[in-house]
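Read off the chains here:
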Amino acid sequence: MIEASAAVRINASPATIWSYLEGFETLWEESNPDHDGTWVVMDPKKPLRDGLRFYQREFVGPIKGMIKADLRDVVTEDRFSWIGTCTYTLPPLPLAFTVEEGGTMELEQTDGKTRLSHRVWARIPPTVLGKVAEKGLSLFGDLEREAYEHTLVELEYFKEIIENNAKN
């Protein structure tokens with residue numbers, strides 16, 4: 001199991017932050033240069049709600065993945081979780097493997113600011129291919145550190161655009 005959690009404090013209300021988090025195809029896509037396409041495959045695309053399905057293509061360290069996920073446990077202006085599967089490839093190898101992934105985004109207001117956190121996790125299957133993939137990936141770096149840094153980049157992006165827009 002790979003787990004990582006990152007958080008930032010944003011000088012804005014949970015309602016303001018939530019309105020930015022709803023921009024899956026725009027703001028989420030822009031939040032990290034490792035993203036390579038984000039699609040909400042349901043209409044309407046907003047608001048965030050249980051069952052909302054999205055796809056995202058991204059890099060985490062040296063590996064490229066395609067996530068297919070659904071939102072769960074959505075509590076407006078408080079939290080949401082996502083869970084799905086991600087098929088990863090490790091160029092230039094012709095191997096592909098699928099893992100279960102998920103995350104929980106939470107907003108907590110304290111001292112006039114809001115703490116925005118995102119905990120992400122991945123379960124590599126206990127199959128022979130899964131064990132080989134996990135061992136091989138560990139040779140390319142620290143996957144938990146890569147997941148943490150990827151998540152932190154996204155949160156810092158939201159902090160920057162929200163606080164900069166508040167100044168204007």
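Scroll up to find the structure.
Report on the accompanying structure. Here, residues in each chain are numbered from 1, in the same order as that chain's written sequence. For a predicted model such as this one, the threshold for reporting local features is a pLDDT of at least 70, and the threshold for listing and counting side-chain atom pairs is 80 or more; totals across whole chains, interfaces and linings nevertheless cover every residue. To obtain the side-chain values, all non-hydrogen atoms of the structure were included, while hydrogens and water were left out.

1. A word on a nonpolar patch on the surface
Stated precisely, the cut-off is as follows: Here the term patch refers to residues with relative accessible area over 30% and no salt bridge, with like charges joined within 9 Å and nonpolar side chains (Val, Leu, Ile, Met, Phe, Trp, Tyr) within 5 Å. In short, Shrake-Rupley with a 1.4 Å probe defines the accessible areas, and a residue's cover is counted only from the protein chains shown. Each salt bridge in this description consists of a side-chain nitrogen of Lys or Arg and a carboxyl oxygen of Asp or Glu lying within 4 Å of one another. Secondary structure elements are defined from DSSP: runs of H or I of at least 4 residues count as helices, runs of E of at least 2 residues count as strands, and each element is numbered from the N terminus. To sort residues, take the accessible area from a 1.4 Å probe on protein chains only and compare it with the maximum for the residue type: under 20% means buried, over 50% means exposed, and anything in between is partly exposed.
Taken together, the side chains of W39, V41 and M66 make up a nonpolar region of the molecular surface, amounting to roughly 240 Å² of accessible area. If you trace the backbone, W39 turns up in strand β2 (residues 35-40). Take W39: its relative accessible area is 33%, and that puts it in the partly exposed class.

2. A short note on the packing of helix α1 (residues 14-21) against helix α4 (residues 143-167)
Our working definition: Under this scheme, a helix contributes an axis fitted over its contacting stretch, all axes are lines through C-alpha atoms, and angles between N-to-C directions fall in the 0 to 180 degree range. For this classification, under 35 degrees means roughly parallel, over 145 means roughly antiparallel, 65 to 115 means roughly perpendicular, and everything else is oblique. Helix crossings are classified by the rotation of the near helix relative to the far one: an anticlockwise turn of less than a right angle makes the crossing left-handed, while a clockwise turn makes it right-handed. Whether two residues touch is decided by their heavy atoms; if any such pair falls within 4.5 Å, the residues are in contact.
In contact at an axis separation of 11 Å, α1 and α4 are set at 120 degrees when each is read in the N-to-C sense. Classed by the angle they form, the pair α1 and α4 counts as oblique. For the element pair α1 and α4, the recorded crossing hand is right-handed. Between α1 and α4, the contacting residues are T16, I17, Y20 and L21 on the first element and F158, I161, I162 and N165 on the second.

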